[in-house]
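Here is how the chains run, residue by residue.
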Amino acid sequence: MRPILCIFFICIPALIFCQEYGGTNATWIYDFMAGANGVTEVRSTGDTIVGDRLIRVYKKTTFYLDEYNEVLSLERNPVYIHSKEGVVEFSTDLINFDTLYNFQLAIGDSWSIPERNSITGEVTGEVFDRIIVDTFTLNIGEGSVFCQETISVGGTVVDTIFQDFGSRYSYILPFENFLQYGEA
């Protein structure tokens, strides 16, 4: 019995600290695609293990009004998130993972995010380069959150990315707000 308890207590810290992004019951609501009349709900639905990596599964449901003002819902392909040591990676197929956020980078550093079609998961050919223009810590209640101010290459809109929570303006989870309604 003691060896089993020892293994259990040794493994608990590894399981707790391997998920840095979004809690077990995390839910985000955000505008659905440019020009559409609706919202997308993204919610954590559990974890899976791929190789030696713990991956969090996020289901997406879009709610929108049709031409008769009836509310319709559409289940979207899930997004898979792996988070370790400040680097948050995403996948739409559990095979190809791309960096969504990188909290290890300093001012002036950058990373690229390939856009993926939210319906098929295929790479669209668009790439979003994010450059860090500032870093700071924001005190919220009793705790603090590390933040990065980012800008896209050639862009003028500065976005704030909050570690463990996501982005303020441009994107939360890939990439509904960059695609046009009805794109397949």
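Structure first, text after, so check above.
What this report covers is the structure whose coordinates are included nearby. (Residues numbered from 1 in each chain as written. Predicted model: local features only at pLDDT ≥ 70, side-chain atom pairs only at ≥ 80, totals over all residues. Heavy atoms only, no water.)

1. Focus: the environment of Ser144
- Here Ser144 shows up in strand S9 (residues 143-152).
- Judged by relative accessible area, Ser144 falls into the partly exposed class, the value being 49%.
- As a C-alpha pair, Ser144 and Gln163 span 19 residues in sequence and 10.0 Å in three-dimensional space.
- If near-sequence neighbours (up to four positions away) are discounted, Ser144 is found in contact with Thr137, Leu138 and Asn139. (Helix = DSSP H or I, 4+ residues; strand = E, 2+ residues; numbered from the N terminus. Buried < 20%, exposed > 50% of the residue type's maximum accessible area, 1.4 Å probe, protein only. Contact = heavy atoms within 4.5 Å.)

2. Looking at the sheet that holds strand S11 (residues 166-167)
- Spatially, S7-S8-S9-S10-S11 is the arrangement adopted by the five strands of the open sheet, whose pairing is antiparallel. The open sheet is flanked by strand S7 (110-116) and S11, the only strands paired with a single partner. (Pairing = 2+ DSSP bridges.)

3. Some remarks on the packing of aromatic side chains
- Going through the model one piece at a time under the given rule, you end up with two aromatic pairs.
- With centroids separated by 5.9 Å and ring planes inclined at 40°, the aromatic side chains of Tyr101 and Phe103 adopt a geometry described as tilted. Side by side, Tyr101 and Phe103 carry an identical accessibility label, which is buried.
- Here Phe103 and Phe146 contribute two aromatic rings whose centre-to-centre distance is 6.2 Å and whose plane-to-plane angle is 75°, an arrangement assigned as edge-to-face. On the criterion of sequence distance, the pair formed by Phe103 in the loop between strand S6 (98-102) and S7 and Phe146 in strand S9 is long-range, its members being 43 residues apart.
- By relative accessible area, which is 9% here, Phe103 ends up buried.
- Classification of Phe146 as partly exposed rests on a relative accessible area of 26%. (Phe/Tyr/Trp six-rings, centres within 6.5 Å; stacked < 30°, edge-to-face > 60°.)

4. Let's talk about the pairing of S7
- Burial analysis of S7 places five of its seven residues in the buried class, which makes it a mostly covered element.
- Pairing analysis gives six bridges linking S7 to strand S8 (residues 123-140), with the strands arranged antiparallel. The residue of S8 that forms the bridge with Ser112 is Asp129.

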